[in-house]
Amino acid sequence: MSHTQLRCIECGAPHQADVHTLFCRQCGSPLAVEYLGVNLLPRVGLGGLWGLGAPSPVHHPNSVVSLGEGATPVAPLATLGKRLGLDALFGKLEYQSPTGSFKDRGSTVLMSVLREMGVAEIAEDSSGNAGASIAAYATRAGIPAHVFAPASAPLAKLQQIHLYGAHVHLIEGPREVATQAAVDYVAQRGLVYASHNLSPYFLEGTKTFAYEVAGQCRPLPQHIVIPVGNGSLLIGVWRGFLELRAQGRIGEVPRLHAIQAEAVRPIASAYEGKAWRPQPGARTVAGGISVAQPPRLRQALHAIRETGGTSVAVPDEAIVRWQMALAREEGIYAEPTSAAAFAGVEMLVQQGVIAVDEPVLAPITGMGLKDSPPP
Ligand SMILES: Cc1ncc(COP(=O)(O)O)c(C=O)c1O
Ligand SMILES: [Zn+2]
């Protein structure tokens, strides 16, 4: 008997815990993991995010597929904070994760569940980082993986996916075409679609970011500023803080701000109540957040609104400038997608949303070596 079930995030219909079910059978919306009983997974012997004591959908410690993820440092960014006029600015160095991005938080939990449920083969679609992460954890779990990626994805990410031994399917056209190709392939071959955008189990991993912040930051940051494409980190962090609040371990949840790129801004526009359509050929240097139709858009908006956050879209010029500033002034080599968060902090300070005496934290979500500008 499982200690979890899945619940529709819109109509609330319950579903049995299962890795095949990604949408509600009643209304077609995405699902969330719900805990029916205590987490049976002992903490002993498992480090990193597995040692946090966060409720987990995994039943048995032997199922855990781990590469030592989580436990990323929080570093003060004094120089950049000063430049922005902020009293306290922190970066959580997620790029120190095993495959170089925060996605490993989601992959370790998702892959552990897939292994526990005896899944034989999976497919996934990704702009690069999630694909690399899923590929690494799939190899560790002994599960063959197919990763569908846009042919325009950074070469270093594609090489990483290939080197981990996943079957790389390069798809011409925008990111959405790679998603459709993965969906079609899964249907034809009867595989499990291990979608990091849709799987509720992935969010059970990204939520551990909140548990770590609660342990590392006293007081909690008032603002957490996140680069958002599909929202797997934003929504996971929100879920984590809601759990911590329900457990009485924190008071107020930090305000969660979603940063998008000007060229691809469905969430920022929806937050402003404006219609937005993808412009043909519109591109951004922040490939990780170039998602025109995020399936969890309404849930992302919920996370933003319920925490008193905002969503803004930043220009590529600012993203590139902040990537440089992080490297030159703090010694942090972030990829452009990650630097977008800091362009967002700048905009929110200018707009007066962030007051200078309020502590701010941004994740540095991905390693710059994987997505670098030409010298
Ligand atoms: C480095 C980096 N940061 C942020 C994101 C955004 O994550 P999400 O699409 O889950 O919002 C991505 C997604 O690929 C990424 O690669
Ligand atoms: Zn539903």
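None of the values given here were measured: they were computed from a predicted structure.

Caption draft 1: Looking closely at the pairing of strand E6 (residues 122–125). Burial along E6 is two-sided: the face carrying Ile-122 and Glu-124 and the face carrying Ala-123 and Asp-125 are both buried. In this structure, E6 lies alongside strand E7 (residues 145–150), joined through 4 bridges in parallel fashion. Along E7, the bridge assignment pairs Ala-123 with His-146. In terms of handedness, the path from E6 via helix H3 (residues 129–141) over to E7 forms a crossover that is right-handed. Where E6 lies against strand E9 (residues 192–193), 2 bridges are found, and the strand directions are parallel. The residue of E9 that forms the bridge with Ile-122 is Val-192.

Caption draft 2: Structural detail: the site of ligand 1. Around ligand 1 lies a shell of 18 residues, among which Lys-103, Asn-230, Gly-231, Ser-232 and Thr-365 are the nearest. Separating an oxygen atom of ligand 1 from a backbone N or O atom of Gly-229 is a distance of 2.8 Å. Taking Gly-231, its main chain carries an N or O atom lying 2.6 Å from an oxygen atom of ligand 1. Computed on the free molecule, ligand 1 has an accessible area of 390 Å², of which 98% lies beneath the protein chains in the complex. If you map ligand 1 onto the pockets, it falls in the largest cavity. Secondary structure elements with two or more residues in the shell around ligand 1: helix H8 (232–246) and helix H12 (336–350). Of the residues that constitute the shell around ligand 1, the class distribution is 5 nonpolar, 11 polar and 2 charged.

Caption draft 3: Here's a closer look at the packing of aromatic side chains. Inspection of every chain in the model, using the stated rule, returns 2 aromatic pairs. The aromatic ring of Trp-322 is capped on one face by Arg-83, whose charged end is 5.5 Å from the ring centroid. Over the ring of Phe-209 we find Lys-92, and its NZ or CZ is 5.7 Å from the ring centre.

Caption draft 4: Here's a closer look at the layout of surface pockets. Within this model, the largest pocket holds a volume of roughly 670 Å³. Looking at the largest pocket, it is lined by 30 residues, and the ones nearest its centre are Ser-152, Arg-283, Thr-284, Gly-287 and Ser-290. Elements represented by at least two residues in the lining of the largest pocket include exactly helix H5 (175–189) and helix H11 (316–330). Here the residues of the lining of the largest pocket are counted per class, giving 15 nonpolar, 11 polar and 4 charged. Taken as a whole, the second largest pocket holds about 380 Å³ of empty space. Every element with two or more residues in the lining of the second largest pocket is listed here: strand E1 (4–8), strand E3 (31–35), H8 and helix H10 (297–306). Class assignment of the residues belonging to the lining of the second largest pocket gives a composition of 8 nonpolar, 2 polar and 6 charged.

Analysis parameters
- Residues numbered from 1 in each chain as written.
- Chains lettered and ligands numbered in written order.
- Predicted model: local features only at pLDDT ≥ 70, side-chain atom pairs only at ≥ 80, totals over all residues.
- Heavy atoms only, no water.
- Buried < 20%, exposed > 50% of the residue type's maximum accessible area, 1.4 Å probe, protein only.
- Helix = DSSP H or I, 4+ residues; strand = E, 2+ residues; numbered from the N terminus.
- Pairing = 2+ DSSP bridges.
- Right-handed = clockwise from strand over helix to strand, strands pointing away.
- Near = heavy atom within 4 Å.
- Polar contact = N/O pair within 3.5 Å; in protein donor to acceptor, adjacent residues only side chain to side chain.
- Areas by Shrake-Rupley, 256 points an atom, 1.4 Å probe, with all protein chains shown as cover.
- 1 Å grid on protein atoms, 1.4 Å probe; cavity = no way out; pocket = protein on both sides within 12 Å on 5 of 7 lines; lining within 4 Å.
- Sits in = over half its atoms within 2 Å of the grid points.
- Nonpolar A, V, L, I, M, F, W, Y, C, P; charged D, E, K, R; others polar.
- Phe/Tyr/Trp six-rings, centres within 6.5 Å; stacked < 30°, edge-to-face > 60°.
- Lys NZ or Arg CZ within 6 Å of the ring centre and 35° of its normal.
- Points joined across faces, edges and corners; volume = space filled by probe spheres on them.

Distances and angles like these do not, on their own, reveal function.
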